[in-house]
Each structure stands twice: as C-alpha cells, then as structure tokens.
Protein chains: 4
Amino acid sequence: MENARPLPSYLVQRFHGWKATAYAENKAWYRRLADEGQRPRAMMISCCDSRVHVTSIFGADQGEFFIHRNIANLVPPHEPDGNQHGTSAAVEYAVTALKVAHIIVMGHSKCGGVQGCLDMCSGRAPQLEEKSSFVGRWMDILRPGYDRVKDITDEDAQSRALEKEAVMVSLENLMTFPFVAEAVKTGDLSLHGVWHDIGEGSVEQYIPGKGAFVPV
Amino acid sequence: MENARPLPSYLVQRFHGWKATAYAENKAWYRRLADEGQRPRAMMISCCDSRVHVTSIFGADQGEFFIHRNIANLVPPHEPDGNQHGTSAAVEYAVTALKVAHIIVMGHSKCGGVQGCLDMCSGRAPQLEEKSSFVGRWMDILRPGYDRVKDITDEDAQSRALEKEAVMVSLENLMTFPFVAEAVKTGDLSLHGVWHDIGEGSVEQYIPGKGAFVPV
Amino acid sequence: MENARPLPSYLVQRFHGWKATAYAENKAWYRRLADEGQRPRAMMISCCDSRVHVTSIFGADQGEFFIHRNIANLVPPHEPDGNQHGTSAAVEYAVTALKVAHIIVMGHSKCGGVQGCLDMCSGRAPQLEEKSSFVGRWMDILRPGYDRVKDITDEDAQSRALEKEAVMVSLENLMTFPFVAEAVKTGDLSLHGVWHDIGEGSVEQYIPGKGAFVPV
Amino acid sequence: MENARPLPSYLVQRFHGWKATAYAENKAWYRRLADEGQRPRAMMISCCDSRVHVTSIFGADQGEFFIHRNIANLVPPHEPDGNQHGTSAAVEYAVTALKVAHIIVMGHSKCGGVQGCLDMCSGRAPQLEEKSSFVGRWMDILRPGYDRVKDITDEDAQSRALEKEAVMVSLENLMTFPFVAEAVKTGDLSLHGVWHDIGEGSVEQYIPGKGAFVPV
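Residues numbered from 1 in each chain as written. Chains lettered and ligands numbered in written order. Predicted model: local features only at pLDDT ≥ 70, side-chain atom pairs only at ≥ 80, totals over all residues. Heavy atoms only, no water.

- For chain A, the name recorded in an unreviewed UniProt entry is Carbonic anhydrase, with Roseovarius bejariae as its organism.
- As its UniProt record puts it under Sequence similarities (unreviewed entry), chain A is described as follows: "Belongs to the beta-class carbonic anhydrase family."
- Taken from UniProt, the Catalytic activity (unreviewed entry) comment for chain A reads in full: "hydrogencarbonate + H(+) = CO2 + H2O". (UniProt positions renumbered as here; feature names shortened; annotations may be inferred.)

So, in structure tokens, the structure goes:
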C-alpha cells in the first residue's frame, strides 16, 4: 500500500495534545471501556456532514453512543439478499449484539445529500441517475419522500421538508427489519426522529400525535 | 410513523445545555457554515464503536471532518452495479463534490466487527455465514485480511493484526475507485491509515517505507 | 493533596450547560434557598445504587428532600457510644435540626448490598465475614432480616424479600432513636417504607394493616 | 412495624406522573440496567443537603453515578476495626466491586454540618461535644480542617474555607484506604475535589498545582 502517507502534522499535534489532556484525565475510564467492552445506551444515525456532531449536541462522552454516519442519515429497507449492506449491518449489530435501548435518526438543514436527491428527482442532475453514480443510487432510498414534497414551490421549504422526510423514511425502513420491529414491540427498543438546524442550533423531534416535527 | 417517541429527557436537557453554551459561543461560525456550506479538509472513515471519537482525538470542530462511520471502518471494492452502496456514496461525495484533501481510515483496538470476522472465518460463528446476516456479509470485505493473519496463534496479537488489516484492505479498496486513484495521482488527495488503541490512548500510522504501523 | 485531578471535561461541559439553563431559569429560587436555608419536608434514605434516583421518581426539586444515601439504605440501631455513625448523624440532623415531617426509607430491586448479605449469611462469601470487610460489617445490620428469609428457595423471591426486610429493619431501627420515637408519638414525624422495582418502574409501600408491601 | 404510614398523596401523584412519562420513555434502558447491572463511571460523595443535587448539576441519568450522601460529604480515615462504617462500606463497594474510574467529593456553600463544626470547635455549641451527639461525633472528622481555618475573622470567609477543608480532609482520608491508594497509583482511579456555591450556581475544583480551588 505505497499510497498511504503519514498524517498531516496539524493532526499529529492535536492528537498529542488530546493524549496529554483529555486522555490523561479519563484514562481509568477509557481502560475500563477497553477491557469490559462498550455498552452504549443509544445508536445515533446521522449524516457525514462535517457541521453535524451528535456527540457535542447531546453531550455524549466515550461509551455513550454507537454512531453510524452516512450520506443523509438514510436507512434502506430490509433486504437480506446476501449482498453487502453497511447501514443494515450497523443496525443489526446495534440491536442484536449491543442491544441498544434507543435508535435516534437525526437529519439536518442544508443537507447536501438531500439537495442531490431534489436535483436528481426533478431532472436537474441527470448524472445522478446513472447506474455508476453511488450518490444517486443511495439517494434512491429517499424517492418515496420526494414524491411527498415535490409540489412545494418555495425552495428552502422544500429542502427542509425533504430533510425531514429522510428521517421519516429511515424510521419506516427501520421497522421493516424484523429484529427492530420485535424489539420495539416488546418495549426493549424505542425509535426517535429528530432534525437539527445547523445554523440556528435548534432541534425538532417527530411527535406522532401531531404528525409533525416540533421544537424540543 | 406511530412508533417514534419523544427524545429521552436526559438528551433534551443536554441539548439545551449545549445550545446555551457551546452553540451560543460559536453562533457566528455555525451560521456562516450553514450559509456558505461545508468545506472540510479531510474525510475520516472510522468505526461506529461508541468508544471511538475522531473529533475528540484530533480536536476537530464543526466544519473540519467529513465523517463516515460504519462497522469496522471498512471500504468495499469499487462496484458500480447500480445497487445501493452507502460507503461508496460517502467516498464519492467526499472526493468529487467536497474535494477533500485527505481520506483517513482509522481502525481501533477491541473492534467487535473485527472479532466477528475472526469468529466467522475460523468457523466459530456459523450464523455469521448465513445469507441473512448483514454483519457477516459486511465482514466478508475483510476476508483477504483474515487470510494474512490466520496463522497467528496469540489471540490478542491476531485481533490487533486483523484490525490493522481492516485499515489496509480499506486503503487498497479505496484505490480501486477511479476518482480516488486519479486524485491521488494528481496530488489532490492523500490517503492515510491509522490504528487507535482505545485503552492506552495511542495512535499508530501506516508508513509504506516500513511496511508497518508506527506510533505517531 | 497532590492526588486530586481536574474534573473530566465531559462533566465540566455538562455543568456549564446546567448553569446556563436549569440554574439560570431557577436562579431566584436557588438564591433564596441559599440565603434563607433549607426547609425540606422529607428525609429520604435510599441506596447509593446508580440506578435509583429519588429526585426523579418523586419529582423533587432543589430544597424538597434531605437525602441520605448509603449501601442498601440501612439504618443501624441507636448506639450513642461516642463513635462516628454517619447514618445516625444524618437522621439526628434531619429530625432535631431540620425537623422534617417525614422519613421515607426506599429499598430497591437488584440491590448489590442485599445480594452481598445473602452471600455472606449463607456462607458463600467468607471474605465478607472478615473484620476488615467494611461492606460485610455494614451488612451485619441486616442479619435479623436474613433469618426471616433464609428458607425461601426461589433466588429471585429471596432477594426481593430481603430487599424489603432491609426497609423494615431500617424502620424498626429508626424507632430505637429516642428523638425519632418521640416525634412519631407526638405526630410531628411519620415514617414510610417503600420498595422500588428499577426495571419495571413500580413502587410498593408497606401497609401495617396488611403487614406487607402493596403497589402504590 | 405498626408505625409505618402510607406515602403522602403528593408523592404518590408525582410517582405516577414519573411512571407514565420519564419511566415510559426510558423503559428499555432501565430494564437493561436492571438485568445487566450497574456500571457507573464515577462515585459522587456529596452532602444530604436538600439544595444539592449532583445528578442535576452534572446532567447524570440513571446508571451514571454511584452516589453516597452524608452530612458534610465527609470520608473518615480508614479504620478496619470490625465496627459498622457506612461511608467506608460505600467507598469499598464503589472501588473494589464496581471499579469506578473516579471518586468526586463535592462540598457546598451554606453547609449546616460545617457550620455545626465551627460552632462546636469554637465552643459555641457545647451540646455537640457530648458523647451522645451523633452530629458532633461525625463532625470530629473535620477537626483537622478547623485548625487550619480558626484564625479567619470574617465569618463567611471562614465558613467557605472550612467547607473546602471538608473536601480536602475527605480526599486525604480516602488515600488512607489501601484499595484507594493502590487504584490511584495504577491509574485505575482518579480523585477529584469540588465545591459548589448553591446560590450562585458556580463550581470550583481543587487544582494541586495551585494549591487552591479554582472556578471550573
């Protein structure tokens, strides 16, 4: 693997700073976590977006959240076809091996993946329709959501609505996994859908009774 | 979606605490990031494991790292077959849309996914071989790495070796993506492989000249 | 005291979050409580167990409960021998200085201290019988309760019964304190015994007329 | 035990409210904690004072803190004399059975126990010197701290200083427990001393390098 390079020095320096401070202060706990294993209370599914950090927003320290991050925080439908499904593997591990008590799907404002879905489904981005486009094929998961927002004329409102649809589609797809549906039924697992406005710092959560997202 | 529930109150309280402190202190920057878009310098590919937080270890704040987290920080080989490939979509978006300058793959000690691969490939976990096992099918990505470590008798040393193989396999698979190989060739993108000992707090990086991981 | 270390940063952040939200919202009341003194209506005696929080279960805010927490929520018999008795000091302060109107002893399911008592009294844990075992010598308080449950064969039922005996023994020992017996006689103080199932979330209370614990 | 009474109805109502809301939202996690046991990261030693709730201040939810509360958050010196020592039992359980990573001693402003110690040591409260005074005998633990503050003339400053001495004396006494000193030496346990101003909402922590308490 002759293409690998040493880390850029700015990251090396920051690592050494972390090792001498945060790691040193918490060494006893980190060693215990290493020896005894993780027992996270919740699984978070959020976007890869660099502006979204669930550990900050929810004050989570090492050992608290099992975090899966992908484009647009999407969960595909259950499809046990013997192919490689990374998100499905993460959910399966969290629910059946780690037995998390919560799965929280968090969408966010200004999501590039969601914007790509809008562009693709509205015909503005034909390259995303190509078989070779990984982003396009991944955003196919959100097509059912696009159908529900395609008539919204205001662009910002439409983006916001599709970002929230991404959360809803993921929650519905989670329920297609038998081990998820079973754990929800027995009360061993609860599902939560939230949407975060990265500029305003606010968080809204889906309330079934209202059928809408409401500020937390 | 009648199965969704409100967030547990301990997370709500922590969010409000974050909003009133960290968000309030950084509001100007977070608003700019929201308005102008993200421009992360690096993509991090790390494990979902609750004990691993690259933002802590490398002191990254909002806007710095585009972070994809999956089971055992694996990247599958390039396979533009029209199916949904979440990790491939994340890499495609990072390299072609965001034009990140670095992709850093970070493995870690005590990785449950890697342990699952060891169990599966050694015959100790037949259920992971089943077509319906998402974790098993995902860990198939690491089989080439297993072949290189299967004769190591000490269990800890074998786990550690396979954790590092996960990083190497991912780096090699990244190079099978034409847009990655192209950007590496022109010098617009560099790849990095690191392994983190979560109990000791140390980080090692792969140095091609040595053909091994060396403490940072 | 060169061994003291700064607080881990996750606690510092959570504190700052609390200060900016819950404290800020309640500042007027907290300042009054600080200036005028506490006037709690009840003393709670509960276990140190991390899963038991009487302030949550009974919705108590700052100023409401004077809370003493020890291993297995035990109260030793009155013994004014000039030695240091922390629980006795807490009871004395609550009854004679703060003049609380209620003392509530709350036991709970899965109590580690009670399990230790079972192991010790049944001979399964000889190390707890040693003079140097603080936990063992503390659990001696519960020996009278063990005698009443030792013939119960079902393990879960026996643990549950001894957890409730811990509450009863504590209530009986409270009555050996003259200032407690006096205040109960004049009607200035009432005693209450409850048991909380931490998994089911239920609470049972001791009803003398029934001679048993009954769901609240 | 004919003296026990049913819970006051205001507490029953609050319990039912908690059961229907907070418990219901977190049932999956609470059941897991009940089944698998507690694994608290830290032990908190704080005062019984009704105005001090470490779970609020540090945003701790069920399962996070093993909490021992006594008068003036004191830890007596190690004394394995075969008598009942409740605080020593709590520390022994936390360190040797639960293997907590941190012990945090938190003192606070306007502490009644500390005021009692000032009154007793200065001769203003002869009744606290009596053999039969549990509070007096408990506050004997703090006499070494009184000697260090007895010449401070301003009353508020003297109280504040003795409240901080209570934290220091407890930390020093913790180190007299062999299992504590051993765990500190191997890096498996760290000790922390903090003082909380209940009116102002602030927290200060002891920094050895400065030999003083400094705002967090």
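1. Description of the relation of the copies chain A and chain B
Two chain copies here: they are related by a rotation about an axis and a translation along the same axis.
Consideration 1: Taken as rigid bodies, chain A and chain B are interconverted by a rotation of 180° and an axial shift of 0.0 Å, the fit giving an RMSD of 0.1 Å. Viewed as a symmetry operation, the transformation between the two copies matches a two-fold axis. Residues of chain A ranked by C-alpha distance from the rotation axis are headed by A:Arg69, positioned 2.5 Å from it.
Consideration 2: Comparing interface residues between copies, 99% of those in chain A also sit at the interface in chain B, which points to an isologous, same-surface contact. (Least-squares fit on C-alpha atoms with pLDDT ≥ 70 in both. Contact = heavy atoms within 4.5 Å.)

2. Quick look at the pairing of strand β3 (residues 102-108) of chain B
Residues and elements named next belong to chain B.
Consideration 1: When you tally the buried positions in β3, you get seven out of seven residues, the bulk of the element.
Consideration 2: Covered by surrounding structure in β3 are His102, Ile104, Met106 and His108 together with Ile103, Val105 and Gly107, the residues of both alternating faces.
Consideration 3: Here strand β1 (residues 42-47) pairs with β3 via four bridges, running parallel. Bridge pairing in β3 links Met43 to Ile103.
Consideration 4: With seven bridges joining them, β3 and strand β4 (residues 190-197) adopt parallel strand pairing. From the neighbouring strand, Gly107 faces β4, where its bridge partner is Trp195. (Buried < 20%, exposed > 50% of the residue type's maximum accessible area, 1.4 Å probe, protein only. Helix = DSSP H or I, 4+ residues; strand = E, 2+ residues; numbered from the N terminus. Pairing = 2+ DSSP bridges.)

3. Here we look at unusual backbone geometry
In terms of backbone geometry, most residues other than glycine have negative phi values and most peptide bonds are trans.
Consideration 1: Even without being glycine, B:Lys110 reaches a positive phi, approximately 60°.
Consideration 2: Here B:Lys110 shows up in the loop between β3 and α4 (112-121).
Consideration 3: In this structure, D:Lys99 is a non-glycine residue whose phi angle is positive, near 55°.
Consideration 4: When you line up the elements, D:Lys99 lands in the loop between α3 (86-97) and β3 (102-108).
Consideration 5: Judged by its relative accessible area of 44%, D:Lys99 falls in the partly exposed class.

4. Some points on the interface of chain A and chain B
Consideration 1: Opposite the 98 residues of chain A that make contact, chain B presents 97 residues.
Consideration 2: Of all residues in chain A, A:Met1, A:Gln84 and A:Phe134 give up the largest surface area on contact with chain B, accounting jointly for 10% of the area buried on that side.
Consideration 3: Counting across the interface, chain A meets chain B through 41 residue pairs in polar contact (both at pLDDT 80 or more).
Consideration 4: Ranked by residues supplied to the side of chain A that touches chain B, first place goes to helix α1 (residues 9-36) of chain A with 13 residues.
Consideration 5: Looking at the side of chain A that touches chain B, its residues break down into 46 nonpolar, 32 polar and 20 charged. (Buried area = accessible area lost by both parts, 1.4 Å probe. Polar contact = N/O pair within 3.5 Å; in protein donor to acceptor, adjacent residues only side chain to side chain. Nonpolar A, V, L, I, M, F, W, Y, C, P; charged D, E, K, R; others polar.)

5. Quick notes on the side chain of B:His192
Consideration 1: Here B:His192 is to be found in strand β4.
Consideration 2: A polar atom in the side chain of B:His192 sits 3.0 Å from the backbone oxygen of A:Pro6.
Consideration 3: Once you skip the residues sitting within four places of it in the chain, B:His192 turns out to touch A:Arg5, A:Pro6, A:Leu7, A:Pro8, B:His102, B:Ile103, B:Ile104, B:Val105 and B:Leu171.

6. Concerning α1(A)
Consideration 1: Compared with the 40 Å implied by 1.5 Å per residue over 28 residues, the 33 Å span of α1(A) between its first and last C-alpha is markedly short.
Consideration 2: Within α1(A), the axis deviates most sharply at A:Lys27, by approximately 75°. (Expected span 1.5 Å × (residues − 1). Bend = angle between axes of the 7 residues up to and from the residue.)

7. Examining the packing of α4(B) against helix α7 (residues 155-174) of chain B
Residue and element names in this part refer to chain B.
Consideration 1: Where α4 contacts α7, the two axes come as close as 10 Å, and the packing angle between them is 110°. One way to sum up the angle between α4 and α7 is to call them roughly perpendicular. Each of Val114, Gln115, Cys117 and Leu118 in α4 lies in contact with α7, whose residues at this interface are Gln158, Ser159, Leu162, Glu163 and Ala166.
Consideration 2: Within the contact of α4 with α7, the residues separate by chemical class into five nonpolar, three polar and one charged. (Axes fitted to C-alpha atoms, helices over the stretch in contact; angles between N-to-C directions. Parallel < 35°, antiparallel > 145°, perpendicular 65-115°, else oblique.)

8. Structural notes on the environment of A:Arg31
Consideration 1: Note on placement: A:Arg31 falls in helix α1.
Consideration 2: Taking the C-alpha atoms as reference, A:Arg31 lies 45 Å from A:Lys210; in sequence the two are 179 residues apart.
Consideration 3: Residue contacts for A:Arg31: discarding those within four places in its chain leaves A:Tyr23, B:Gly199, B:Glu200, D:Thr186 and D:Asp188.

9. Let's talk about the interface of chain D and chain C
Consideration 1: Listed as interface residues are 98 residues of chain D and, on the opposing side, 97 residues of chain C.
Consideration 2: The tally of links between chain D and chain C comes to four salt bridges.
Consideration 3: Residue C:Arg31 is joined to D:Glu200 by a salt bridge in which the shortest nitrogen-to-oxygen separation is 3.4 Å.
Consideration 4: The tally of links from chain D across to chain C stands at 40 residue pairs in polar contact (both at pLDDT 80 or more).
Consideration 5: Ranked by residues supplied to the side of chain D that touches chain C, first place goes to helix α1 (residues 9-36) of chain D with 13 residues. (Salt bridge = Lys/Arg side-chain N within 4 Å of Asp/Glu carboxyl O.)

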